[in-house]
Amino acid sequence: MRDSRYDILFEPVRIGPVTAKNRFFQVPHCNGMGHQMPLAHAAMREVKAEGGWAVISTEECEIHPSSDLTPYVEARLWDDRDIPALALMCEKVHAHGALAAVELTHNGPAASNLFSREILLAPSHQPTKYGYPQQARAMDKADIREYRRWHREAAVRGMKAGMDIVYVYAAHDLSLAMHFLQRRRNQRTDEYGGSLENRVRLLRELIEDTKDAVGHRCGVALRFATEEMLGPDGVELAEARDIVAMLAELPDLWDVNVSAWYNDSLPSRFGGEAAQEPFVNFVRRATSKPVVGVGRFTSPDTMVSQIRRGVLDMIGAARPSIADPFLPRKIEEGRLEDIRECIGCNVCVSGDNTISPIRCTQNPSMGEEWRKGWHPERIAPARKPEKVLVVGAGPAGLEAARALGQRGFEVALAEASKTLGGRVAREAKLPGLAEWARVRDWRVGQINKLPNVAVYLDSMLGAQDVLDFGAAHVVLATGARWRRDGAGRTHGAGIAGLADAANVFTPDDLMDGPLPEGTVAVYDDDGGYHATVLAEALARAGRRVLFVTPEDLVAPWGQYTLEYRHVRKRLASLGVQVRVSQCLRALDGHELVLEDAWSGETHLHPIDALVTVTSRQPEDALCQALRAREADWAGAGLAGVQRIGDCEAPGLIAHAVYAGHRLAQALGEPAADAVPFKRHFHHD
């Protein structure tokens, strides 16, 4: 039963000619499926509508071949042939009483046109944003008229597809409408450049065109970034206040955020819930139209506060709606403890940036709703509810035990230590990663509700213990440990002498015990988040830190998760010395021997300790011991042994959670066909 404190979240909101049934608004977000995988895209959006979101938006939707975003896979409304794909989404969303919204965009110099091979367009002559070796040409008056026509025609196509809300997009440094606002991109001397009123002209015209074309049936939303965090080079808050004042009553809804994307979808390492409030809280006072904004909202109390204090009218969400598509329904049903809270790791973002379907650490069903038929709340019951022993209670083991228990198996979860969570529990103690403990906490909370799942702590098991337990199935989720010998991408066989050196430490050493003293070098041959987080921990503890990597970039994976710029700024602010393109060749006592990756020159650096972040070794001794005794399985009633997660192939926490869920989905089911999941052929 819903707590009356949250009643305000379920009030309807009028958006022009349409009405949202409550205040939950899934704002536009990329997903890596778009126009190439319309069935999967529609199914993913449908689950959110089923989960209670009142408005379900697309991602960016290209309006013309000259707005081609290849290789990124977004939505598309180039012509009428693109209508059916988005009509499918509208049909699925409407089936659950939600409104469908489309975010129209032409990204100008931030497009690529790598597929269409059209000339890039921009307010003024300028290079492309993303480093392609070409430039965008300045739009003349005829181009502007054509652009307005393309936008208007795309809006009509969106309406024909069944969209209830059509966006005009001026955010994230990704749309021509915003580029005309920016002094750094707009050096025009005609009525579309110079003064703020002139730079706003095109945005005003787009809103007016869209309302004229579809406003009788569709709400017209404006997505606008109020701050670019670039100082005078970008749109600043003071200027944004003037822009909002100029356009206050023109759109039917304001969707406000900060720019660029790496500031908007801020990783939890660098900002918490409601972090955008100082940048958007003025908009509500400047307009009578409803305002939606984002802030990685997962707490209903924070949501209510935003509304009652006049910050927002609707609670916008991208990442929280990915982590838990059923977040609104759980609040409505009084099941707050069941909310699967976003951890802000931005694995979801990495899907778009790696040109692959969306993924989520917390929600392993994300992106698999159509392809594998997975659902975030439901799972098929076990055909034969046998006894299963899960060894290891890290992210893979916890998810396997939870989902197996949900299916009805009799599950025993054995953990060698005195605490649950494995790597999650340990990593969550590092700077900025506290929210990652939600991976453990949600699963433990769900397991505690299942009478058919028993948890055993401080239970180190050997092969004989496993055989004596009498389980029909054994799942090994025993994790992995970081290597001490320097073996990684650069040094496949390791570096002589490191493993035995007293002043060499691994990430496990730092998480388990005291930090080394003095000058500490962190050698990152992994490229993920671990090395930079450990460097931060050392620097905050007063150590002098030297960060070394053979890569040309610091922690390159962070480019995909929007962490890169924030990481560089954080390390710089802490005084961490950074050395890129440097290969570790040896440690000679207290001297680090580095070799420039390109010139081959060697350099010596005096240090007191070295932390190697290179690769991990699976903890699979129990697996090997059980396989060596496979002849004894039948006598013990054991049908099979499977390993999952880091003890099979170390990866991200998201990989471990997915592995646990996949195991649970498949256990006891018929063997998969030759094609393990559906693909987007016409006969599907």
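Each value, and the rule that gives it
Residues numbered from 1 in each chain as written. Predicted model: local features only at pLDDT ≥ 70, side-chain atom pairs only at ≥ 80, totals over all residues. Heavy atoms only, no water. UniProt positions renumbered as here; feature names shortened; annotations may be inferred. 1 Å grid on protein atoms, 1.4 Å probe; cavity = no way out; pocket = protein on both sides within 12 Å on 5 of 7 lines; lining within 4 Å. Points joined across faces, edges and corners; volume = space filled by probe spheres on them. Helix = DSSP H or I, 4+ residues; strand = E, 2+ residues; numbered from the N terminus. Pairing = 2+ DSSP bridges. Axes fitted to C-alpha atoms, helices over the stretch in contact; angles between N-to-C directions. Domains from an automatic or database assignment. Contact = heavy atoms within 4.5 Å. Salt bridge = Lys/Arg side-chain N within 4 Å of Asp/Glu carboxyl O. Polar contact = N/O pair within 3.5 Å; in protein donor to acceptor, adjacent residues only side chain to side chain. Nonpolar A, V, L, I, M, F, W, Y, C, P; charged D, E, K, R; others polar. Buried < 20%, exposed > 50% of the residue type's maximum accessible area, 1.4 Å probe, protein only. Right-handed = clockwise from strand over helix to strand, strands pointing away.

By the naming in an unreviewed UniProt entry, the protein chain is NADH:flavin oxidoreductase, taken from Arenimonas caeni. Within the UniProt record for the protein chain, the comment given under Sequence similarities (unreviewed entry) is "In the N-terminal section; belongs to the NADH:flavin oxidoreductase/NADH oxidase family."

This next bit is on the layout of surface pockets. Its boundaries defined by the atoms lining it, the second largest pocket holds a volume of some 900 Å³. Along the walls of the second largest pocket sit 42 residues, with Glu415, Gly422, Thr478, Gly479 and Ala480 positioned nearest its centre. Of all the elements in the fold, those that place two or more residues in the lining of the second largest pocket are helix H14 (395–407), helix H15 (423–427), strand S19 (480–482), helix H18 (507–512) and helix H21 (621–628). Here the element with the most residues in the lining of the second largest pocket is H15; it accounts for 4 residues.

On to the sheet that holds strand S24 (residues 582–588), then. In a beta sheet, neighbouring strands pair by backbone hydrogen bonds and run either parallel or antiparallel. The strand order across the open sheet built from 3 strands is S24-S25-S26, with neighbouring strands paired in antiparallel fashion. What marks the edges here is a single partner per strand, and that holds for S24 and strand S26 (602–606). Taken pair by pair, the neighbouring strands of this sheet meet at an average axis angle of 30 degrees, ignoring direction. In terms of strand pairing, S24 meets strand S25 (residues 591–596) through 6 bridges, oriented antiparallel. When the bridges of S25 are listed, Cys583 appears paired with Glu595.

A few words on the domain arrangement of the protein chain. Domain boundaries assigned for the protein chain yield domain 1 (4–354), domain 2 (387–479 + 619–666) and domain 3 (483–617). Taken over C-alpha atoms, the centre of domain 2 sits 31 Å from the centre of domain 3. Taken together, the contacts link 13 residues of domain 2 with 12 residues of domain 3. Asp512 serves as the salt-bridge partner of Arg426, at 2.7 Å between the closest nitrogen and oxygen. Along the contact surface separating domain 2 from domain 3 lie 7 residue pairs in polar contact (both at pLDDT 80 or more). Looking at which element gives the most residues to the side of domain 2 that touches domain 3, the answer is H15, with 3 residues. Here the side of domain 2 that touches domain 3 is composed, by residue class, of 7 nonpolar, 1 polar and 5 charged.

What follows concerns the pairing of strand S27 (residues 609–613). Regular strands place their side chains on alternate faces of the sheet. Within S27, 5 of the 5 residues are buried, leaving the element largely enclosed by the surrounding structure. Burial of S27 is two-sided: the residues Ala609, Val611 and Val613 facing one way and the residues Leu610 and Thr612 facing the other way are all buried. By the bridge criterion, 2 bridges tie strand S20 (residues 504–505) to S27 in an arrangement that is parallel. Paired with Val504 across the two strands is Leu610, which belongs to S27. Here 5 bridges tie strand S21 (residues 519–524) to S27, and the two strands are oriented parallel to one another. Looking at the pairing, Ala521 lines up with Leu610 of S27.

Next up on the list: the pairing of strand S14 (residues 314–317). Residue alternation in S14 divides its side chains into two sets, Met314 and Gly316 and Ile315 and Ala317, and both sets are buried. Pairing between strand S3 (residues 24–26) and S14: 3 bridges, direction parallel. Looking across to S14, one finds that Phe25 is bridged to Gly316. With 2 bridges connecting them, strand S13 (residues 291–293) and S14 associate as parallel partners. Opposite Gly293, over in S14, you have Ile315 as the bridge partner. Crossover S13 to S14 through helix H10 (residues 300–308) is right-handed.

Here the focus is the pattern of salt bridges. Side-chain pairs of opposite charge can arise where the charged atoms are in close proximity. All chains considered together, the criterion is met by 67 salt bridges. Ionic pairing is found between Glu399 and Arg443, a salt bridge with its closest N-O pair at 2.7 Å. Of the two residues, Glu399 is situated in helix H14 and Arg443 in helix H16 (residues 438–447); the sequence distance between them amounts to 44 residues. Each member of the pair, Glu399 as well as Arg443, carries the same accessibility label: buried. The closest approach of N and O atoms between Glu536 and Arg570, which form a salt bridge, is 2.9 Å. You can see Glu536 sitting in helix H19 (residues 530–540) and its partner Arg570 sitting in helix H20 (residues 564–573), a full 34 residues away along the chain. You'll find Glu536 and Arg570 in the same group, each marked buried. When salt bridges with common partners are traced through the structure, they connect Asp80, Glu146, Arg149, Glu153 and Arg157 into a single cluster.

Using the residue numbers shown here, the UniProt feature "domain: NADH:flavin oxidoreductase/NADH oxidase N-terminal" (unreviewed entry) corresponds to residues 9–335. Within the segment residues 9–335, helix and strand shares are 34% and 18% respectively, and the terminal C-alpha atoms sit 15 Å apart.

Going through the model one piece at a time under the given rule, you end up with 5 cavities of 30 Å³ or more. The wall of the largest cavity is formed by Ile343, Cys345, Val347, Thr361, Trp436, Tyr529, Trp557, Thr561, Glu563, Leu652 and Ile653. Here the residues of the lining of the largest cavity are counted per class, giving 8 nonpolar, 2 polar and 1 charged. Of the volumes computed, that of the second largest cavity is approximately 80 Å³. When residues of the lining of the second largest cavity are traced back to their parent elements, those giving at least two are helix H11 (319–323) and helix H13 (347–353). Examining the composition of the lining of the second largest cavity, we find that 3 residues originate from one element, H11, more than from any other. Its residues placed into classes, the lining of the second largest cavity shows 8 nonpolar, 4 polar and 1 charged.

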